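# Reading the structure
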Amino acid sequence: MARHYRGFDGHVPAYAGKQMTSRQIIHNPYRQAHYVISAHDLKQLPQDTGLEVAFAGRSNAGKSSAINTLTDQKSLARTSKTPGRTQQIVIFDIDEQRRIADLPGYGYAKVPERLKAHWRHVMQIYFNQRTSLRGVVLVMDIRHPLRPFDEQMLSWCESSGVSCHVLLTKADKLKRGPAQATLLKVRKSLPSGATAQVFSAKSRAGLADLILQLNSWYAIEASAINERPESSKGSKSG
Ligand code: GDP
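Below is a short write-up of the structure. Every chain's residues receive numbers from 1 upward, in the order its sequence appears when written. Note on the predicted model: pLDDT of at least 70 is required for a residue's local features to be given, and 80 or more for side-chain atom pairs to be given and counted; whole-chain, interface and lining totals, by contrast, use all residues. Derived side-chain values reflect all non-hydrogen atoms in the structure, with water molecules and hydrogen atoms excluded from consideration.

Put simply, DSSP H or I for four residues or longer makes a helix, DSSP E for two residues or longer makes a strand, and each gets a number counted from the N terminus. Helices and strands together make up the secondary structure of the protein, namely six helices and seven strands. Secondary structure of the protein in N-to-C order comes out as β-β-α-α-β-β-α-β-α-β-α-β-α. Every one of the 238 residues in the protein was classed for burial, and the buried ones make up 50%. Contacts in the protein between residues far apart in sequence, at least 24 positions, make up 75% of those at least 6 positions apart. Note on exposure labels: buried denotes an accessible area under 20% of the residue type's maximum, exposed denotes more than 50%, and partly exposed covers the range between, all computed with a 1.4 Å probe on protein chains only. By the convention used here, residues are in contact when the closest approach between their heavy atoms is within 4.5 Å.

Attention now goes to the side chain of Thr71. Tracing the backbone shows Thr71 in helix H1 (residues 63–71). Polar contacts, as counted here, are pairs of nitrogen or oxygen atoms within 3.5 Å of one another; within protein the pair requires one atom able to donate a hydrogen and one able to accept it, and residues that are adjacent in sequence qualify only if both atoms are side-chain atoms. A polar contact of 2.8 Å, which involves the side chain of Thr71, links it to the backbone oxygen of Ile67. Each residue touching Thr71, except ones within four places of it in the same chain, is listed here: Tyr30, Arg31, Ala33 and Leu76.

Across the five residues of strand E4 (residues 98–102), five count as buried, placing the element largely inside the fold. Burial along E4 is two-sided: Arg98, Ile100 and Asp102 facing one way and Arg99 and Ala101 facing the other are all buried. Pairing analysis gives five bridges linking strand E2 (residues 51–57) to E4, with the strands arranged parallel. When the bridges of E4 are listed, Val53 appears paired with Ile100. Two strands are said to pair when DSSP picks up at least two bridges between them. Pairing analysis gives five bridges linking strand E3 (residues 89–95) to E4, with the strands arranged antiparallel. Paired with Phe92 across the bridge in E4 is Ile100. Between the end of E3 and the start of E4, which pair antiparallel, lie two residues.

Bringing the pattern of salt bridges into the picture now. A side chain with one charge can pair with a side chain of the opposite charge if their charged atoms come near. Just to be clear on terms, a salt bridge is a Lys or Arg side-chain nitrogen sitting within 4 Å of an Asp or Glu carboxyl oxygen. Within the structure shown, the criterion is met by 10 salt bridges. Across the pair Arg99 and Glu52 runs a salt bridge whose closest N-O atoms are separated by 2.6 Å. Of this pair, Arg99 sits in strand E4 while Glu52 sits in strand E2, and the two are 47 residues apart along the sequence. No difference in accessibility class separates Arg99 from Glu52, as the two residues are buried. A salt bridge links Lys170 to Asp141; the nearest nitrogen and oxygen atoms lie 3.5 Å apart.

Looking now at the nonpolar core. Residues Leu103, Tyr126, Phe127 and Val166 are the most contacted members of the largest nonpolar core, which totals 34 residues. Secondary-structure elements contributing two or more residues to this core are E2, E3, helix H3 (113–129), strand E5 (133–141), helix H4 (148–160), strand E6 (163–169) and helix H5 (176–189). Setting aside residues up to four positions removed in sequence, Leu103 forms contacts with Ala54, Phe55, Ala56, Lys63, Gln88, Ile89, Met123, Tyr126, Phe127 and Met153. By nonpolar core we mean a set of buried residues, namely Ala, Val, Leu, Ile, Met, Phe, Trp, Tyr and Cys, connected to one another through side-chain atoms within 4.5 Å. Ranked by size, the runner-up nonpolar core spans 26 residues in total, among them Val53, Val90, Ile100 and Phe199.

Right, dumping it as structure tokens:
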């Protein structure tokens, strides 16, 4: 990748509740995420300061479910398939300096080409000009990875120097062997610098890895994290 970290001036305060122990998530900072705005165009986005991480994915890939699992909120990212809604960039604040941008995703044949072209134009500007954009979580259904939409996103990330982390979700739909095989195959075909992991919103497998990746992009320190959060029921807090 040409650049990994663009334009950011470094003035993000350390995250307060960052303590973790080696076997459990003591504090998931993304639980406190809250809805801010649905932006119909780039001018409506919050000021381009601090750190922003975008979630992208074809419709139905499992992006809303991944955001809901990450934030531990049942319906923060509403699951809606109406074409009108898919044109919006939905912003969730984690704190004053950190945001999630839920990008529109297409994949349905019924979305008119005119809309797709408009979206491509808006996204290109977003990728090239959004200084606070620290990374992109690219969500793919593990059974249907690397579709043209995904290749397009990877190529924009690469050309604009934005880090990309691929979330192969719905991993519970595959046995462990095939899921790992897909992970290896996807990793091999990613541009250099891009990373990938398996994930399941249903079983929460991979949640710890996702949190670690985000913590790194958002400059939130965490010494260690539980690899199997679903097995630590009753002990989670924060
Ligand atoms: P989006 O369009 O990318 O936001 O996709 P959604 O999050 O709405 O998910 C699309 C469908 O896949 C819904 O029926 C979800 O319940 C289902 N789904 C999402 N994530 C998972 C997962 O990890 N496991 C399983 N089994 N189903 C999932």
